[in-house]
Amino acid sequence: MYHQPVLKNRRTLLERAEKFISDVYFTDCNLRGRLLPLESITSFLSSKRITFTEASKQNFAPYKVDGGLAGFKVTLKIPESWRGKEVHLVWESDGEAMVWRDGQPVQGLTKEGEKTTGQGSMIAAPDPKRKFSVQRAELVIFDRDVRQLMTDFEMLVDIVKELGEGEQRGYQALFTVNEMVNLCDPFDPSSFSKAHSLAQKFFSQRNGESQHTVHAMGHCHIDSAWLWPYEETIRKCGRSWVTVVRLMEKNPEFVFTCSQAQQFQWVKSWYPELFSQIQHYVKKGQFIPVGGTWVEMDGNLPSGESMVRQFLEGQRFFNQEFGMHCKEFWLPDTFGYSAQLPQIMQGCGISNFLTQKLSWNLVNTFPHNTFFWEGLDGSKVLTHFPPGNSYEMKGKIEDLVKTVKNNKDKGRANHSAALFGFGDGGGGPTQLMLDRLHLVQDTDGLPRVRMSSPDELFSQLQADSALLCTWSGELFLELHNGTYTTQAQIKQGNRQCETLLHDIEIASSLALCRDRTFLYPVEKLQELWRLLLLNQFHDVIPGSCTEMVVEDALKYYEDIRRDGDALLREACAALGSKGNSTGVFNSLPWERHEVIQIRDDTDKSGLGMFNTNYICFPASACLLQACHVIFLTELCVTLQADGTVLMQNGILQTYLSHHSLGFRETLSDGCCGNQFVMFDDVPLYWDAWDVMDYHLQTRKPVLEVVQPVRVVSSGGLRGSVSFTLRISDKSTVTQEIVVDATCPYIKFNTEVQWAESHKFLKVEFPVRVRSPNATYEIQFGHLQRPTHRNTSWDWARFEVWGHKWADLSEHNFGVALLNDCKYGYSIHQNTMTLSLLRAPKAPDATADMGTHHFSYAIMPHTGSFQDASVIQSAYNLNFPLRLIQCGPDTVPWSAFSVSTESVILETIKQAEGGKGTLVVRLYESHGSSVTATLHTTLPVREAWHCDLLERPDPTQPACVTSEGITLNFSPFQIVSLLLML
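- Identification of the protein chain as alpha-mannosidase from Amphiprion percula is taken from an unreviewed UniProt entry.
- Recorded in UniProt for the protein chain, the comment headed Sequence similarities (unreviewed entry) runs: "Belongs to the glycosyl hydrolase 38 family."

What follows is the structure in C-alpha cells.
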C-alpha cells in the first residue's frame, strides 16, 4: 500500500500512535472495544470479614454502580448474537474480591494490588468510614486479535519512548507503528492482520549473542501485615494465588515465585482445594516456593536465634509440604541486612540471596547488582539485586530497558532478574504482562527475555562469577532508620518473648534429663515460636503498620507470655523437688552474682510466694539452687553526697567511677550523663519509617523538674534514687536509678508518659573516651561503625541499629550502654545516645502513645569490652534469674558450662527429630579464633556437628570425653551440636 511521503515528525507520530490505543481520547474511533451492561447485580453489606459460606446466606439487594461494596451476586444475560464468541466480565472496583463457584475460589479480582485505606496518601491512617465501590461492571466480547494488536501498539510505542531519539531502533519502531495506524481500521477487523504482520516483522528481528538476558519471574509480594491486618492478608493470598493458578492453566511456560511459609500455611488452612492445586504446580516446576523462611522478616531487629528459627520453620514446612528445600534467601523489601545473615543462610542450606531494597538508599548508591556478600565470619553468598529496582514490574519495555541500563556490573554479569506482578497488597501477574514478555523475548534492540526460575538465574550467575566483586559486612539501608524505635511496645514484646522462649526450651530440655515423665512441649513451643516469627515480619516489628496490626501483634505477645509462663512453670517444677523454699533457675552459662527483690506476692512469672527482701547470691549455668539472703559488708552500696555517683534531678554529673577503675572519671568535663533530649521528628514522607539527619539540628534538653531526686534505698545491697522530669505539657519521665552490690553497671528503670506528635526522645551520655569507631551487638556477634562523619557513607549512619549493647572504648578503658528492649543508637564522637521513643502519625495515628516501661544501663570498664564481660552483663540485664519453689534439700545442679568466656552457649532445645536428642548452639562472641570445651553433667552418649536445620554432618563427629566436648571456633562462628542422651 502506497502512502504519500510526508515529513515524519517524531512527536506527532508518537502521539498519533498513543491516541490510537487510548482509553481516554478518541474512543469512538480508535481500537478500544464496546461494552454492554450486566442484566443485574445484587449485593449485601457486612461490617466484618466473613467466609464464603456465611456470605452465601446473606440477603442480597439490588446494587447500583458506585454504591457501597461488600458481597455480590451477578446475573448475566448474553445476547444471542454473541453466541460462539469469547465473553468477558469487566469488573473494576477500588476494593478486592474473590469469585467463587460451587464453594471453591476460582478467580481473584484485584485492580493493582490495592494498598490505600486512608485519606490523603497511601500511608495515611485507615479511614474507618471509607466505603469501597464498583466503578464498572460490564460484559464485553473479548477479541483476541484486538488484544494482540493493542499489545503490539503499546510495546512499539514504549520502545520509541524508552530508546529515545538517539537510537536507530527507536526510529524503526516509530515508523513501524505509524504504518500500522495507516493500515488499521478499528471498524474493519480484516485490517488487523495486516497491521499485526508489520509488528511481527519488527519483533522477529533477533538479537546478537552478546545481548543481556533478563530472567523473568512472576511474583506477588504480599506483606503479611502492613496497611491491613493479618486476617486480610489471608484473603489477599487466596485471591492472588488462585489467579496465578488460572494463569498456569493457560500458560504452561509461566513461572511464579512465592515466599513466606506462613502464607502457604494460611492458604492450606483456609483454602485447602487451592493449596492442593498449588502442590500440583510446585511439582511441575511452575509455582516455586522461595526464601526458606517463615515470613520475610526484618533483617536487623530479630535475634540471631530468631533468624535461625525463621529458616528452620520455613525450610521444614517447605520440605514437609512440597518435598524441597529453598536454595535462595528471598527478602526484597526489608530495611537493611545483618552482617550475620550470610553465615545463617549457609547454615540453612542456602547459598544465594535476592533483594532490591538498597536501591532506596537516600545518600549513597550501592555499587553492585551482582556480587558476593561476605558476612561477619567470612561466609559468602552469591547476591543479586534486580537492576530494575523493583519486585513488581509489569513486563513493559521500561522495565527491560531499566534492567540493562541500571546494571552496575556490566562486563561482569550478563544476566539479571525481572520480577513482574502487582505486589505489596497482592494481585500478582496478569495475562497482559505475560503477553508483553512473550512478544519481546528475542527482539533486536532489547535484552533477551527468558521465563526463568531463581535456580536457573543463580546457576548462570555462578557459572560466570569469576569477575564478580565482594562486599564485606552489613548491607545498611540509608533510609527507614526510624524503624529501630517506632512502636516501642512491639519491640519490647519481641525482646521479652525471645528471652522467654529461650528459657522455656532450656528448662524443658533439662527437665527431660531430670524427670523421665516430663513431656517436652513440642507442639505448643512451635505454636508460640511461629507467633513470634510472624510478628517479626518486616512491617510489624519495625512498627511501620496500622493500629489494627499493632493490636494483633500485642495480643500475640500476650498469648506467648501467658502460655509461655505456664510452660516455664511446668518445666521448672520438673527440675526441683517439691517444697516451699526459694530456688533460682539461671538460663545463662556462667556464674552470676546478682541482687534480686523478692516480692510479697506472686511475681510476674507466677513462680512463687516470697517475703519482701533483697538477696544476693552466685548462680551457675542452668543452676537450680536453694537461696539464702546474704549480707556481706564488702558488697554494700551507699548513695551519699560525696560518693561514687553524683547526680542532680536524675542527670549524672561530674563522673561515674568504680574502685576497679581507679576512680577514673567517665563523663566528659562539664557534661552531664543520662541527659534526656527531645528532637523535632518530621520526615520527608515515610512517617513511621524515617528519621532524617536534619532532626539533629533541633535538639532540646529535658530539664524541668516535677519531682526532685529522692533516695529510695540508701544502703545495704541496693542503693537507688528516683525523680520525675517534665518532657512537655503532655509528657513526663519518671526514673529510678539503681546501684547494686557487685553489679558492674548503673541501671535506669524508666517510666515515660508519652503523648507527643512528631517528636523523638533520646538519652545521652557524653563520655571521656576517644575512638574512631564504636561497637554494636548484632546477631551472634558484633561489628564496628565510625563515630565520625568523614564521608557520605559515614554521615548516612547518623542513626543505626544494635541489640543489647553498644560500646565506645579506647585502649584500656571504655563505656558500654546496655538496654532491655531498645534497638536505635547514635554514637557520634564521644556522645553515646540511645533512642527511646518516637511519635509518628502514619500509618498509625496513635503510635507509641501511652505509658512505657523500660530499662537501660551504663557500664564503665577497664580493658576491652570483651575482657570486661560487657557481653555477659548485657545478657544478665535481659535474661532474669527465675525464682521458683523447691524443697529445702534441693542440691545445686549445673548442666552446662563453657571453658572460655568468648564462647556463648546460646540455645539448648530438643532436636526436631524427637526425644532423646538435644540441640546445643554456641557462637564465638569476641571476634577471635579459640578452642573451647563444653562441659556438661548430662549423660551424653555421642555428639555430632549439625547445620542450623539440625541435619547431622556425618564427617564431623564431636568427641565426648570426661572433660567435655572440645570445639574449635573461628571469629563469630556459630556451632551447632546434636547431643544424643
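Next, the rest of the story.
**Brief notes about the nonpolar core**
Argument step 1. Residues Trp241 and Phe287 are the most contacted members of the largest nonpolar core, which totals 227 residues.
Argument step 2. Once residues within four sequence positions are removed from consideration, Trp241 is found in contact with Ile222, Phe256, Cys258, Gln263, Phe264, Val267, Leu274, Ile278 and Phe287.
Argument step 3. In terms of nonpolar packing, the next biggest core, distinct from the first, is built from 16 residues, Val290, Phe372, Leu382 and Ala413 among them.

**Considering the sheet that holds strand β18 (residues 470-472)**
Argument step 1. Pairing within the open sheet is mixed, and its five strands lie in the order β12-β13-β15-β14-β18. Both edges of this open sheet fall to β12 (328-330) and β18, since each of them pairs with a single strand only. Across this sheet, the average inter-strand angle for adjacent strands is 30°, counted without regard to direction.
Argument step 2. When β12 meets strand β13 (residues 352-354), the two strands line up parallel, connected through three bridges.

**Section: the sheet that holds strand β43 (residues 903-910)**
Argument step 1. Across the sheet, five strands lie side by side as β43-β44-β50-β46-β47; this open sheet has antiparallel pairing. The two strands at the open ends of the sheet, each matched to only one other strand, are β43 and β47 (952-958). Averaged over neighbouring strand pairs, the angle between their axes works out to 30° when direction is ignored.
Argument step 2. In this sheet, strand β50 (residues 974-980) lies alongside strand β46 (residues 942-946) in antiparallel orientation, the contact comprising five bridges. Bridge assignment links Ala943 to a residue of β50, and that residue is Leu979.
Argument step 3. Each of β43 and β44 (917-924) is contacted by helix α14 (residues 488-514), which is oriented at about 65° to β43, the strand it contacts most.

**With respect to the state of the cysteines**
Argument step 1. Using the criterion set out here, one finds zero disulfides in the structure.
Argument step 2. Of all cysteine sulfurs, the one in Cys946 lies closest to Cys348, which takes part in no disulfide; the gap is 11 Å.

**Some details on the domain arrangement of the protein chain**
Argument step 1. When its domains are assigned, the protein chain resolves into domain 1 (10-33 + 144-204), domain 2 (34-142), domain 3 (213-472), domain 4 (480-576), domain 5 (658-863) and domain 6 (895-980).
Argument step 2. Centre-to-centre, using C-alpha coordinates, domain 1 lies 59 Å away from domain 4.

**Here we look at the packing of aromatic side chains**
Argument step 1. Inspection of every chain in the model, using the stated rule, returns 41 aromatic pairs.
Argument step 2. Between Trp590 and Tyr875, the ring centres sit 5.7 Å apart and the planes meet at 85°, which makes this aromatic pair edge-to-face. Residue Trp590 is located in the loop between β19 (581-585) and β20 (592-598), and its partner Tyr875 is located in helix α18 (residues 870-878); the two are separated by 285 residues in the primary sequence.
Argument step 3. What makes Trp590 buried here is its relative accessible area of 14%.
Argument step 4. Residue Tyr875 is classed as buried on the basis of its relative accessible area, which comes to 3%.
Argument step 5. Through a chain of ring-to-ring contacts, three or more aromatic side chains come together here, namely Trp241, Phe254, Phe256, Phe264, Phe275, Phe287, Trp294, Phe317, Phe318, Phe322 and Phe420.
Argument step 6. Directly above the aromatic system of Trp360 lies the positively charged group of Lys357, at a separation of 3.3 Å from the ring centroid.
Argument step 7. Above the face of the Phe679 ring, Lys762 is positioned so that its terminal group lies 4.8 Å from the ring centre.

Quick notes on the rules
Residues numbered from 1 in each chain as written. Predicted model: local features only at pLDDT ≥ 70, side-chain atom pairs only at ≥ 80, totals over all residues. Heavy atoms only, no water. UniProt positions renumbered as here; feature names shortened; annotations may be inferred. Core = buried A, V, L, I, M, F, W, Y, C linked by side-chain atoms within 4.5 Å. Buried < 20%, exposed > 50% of the residue type's maximum accessible area, 1.4 Å probe, protein only. Contact = heavy atoms within 4.5 Å. Pairing = 2+ DSSP bridges. Helix = DSSP H or I, 4+ residues; strand = E, 2+ residues; numbered from the N terminus. Axes fitted to C-alpha atoms, helices over the stretch in contact; angles between N-to-C directions. Disulfide = S-S within 2.5 Å. Domains from an automatic or database assignment. Phe/Tyr/Trp six-rings, centres within 6.5 Å; stacked < 30°, edge-to-face > 60°. Lys NZ or Arg CZ within 6 Å of the ring centre and 35° of its normal.

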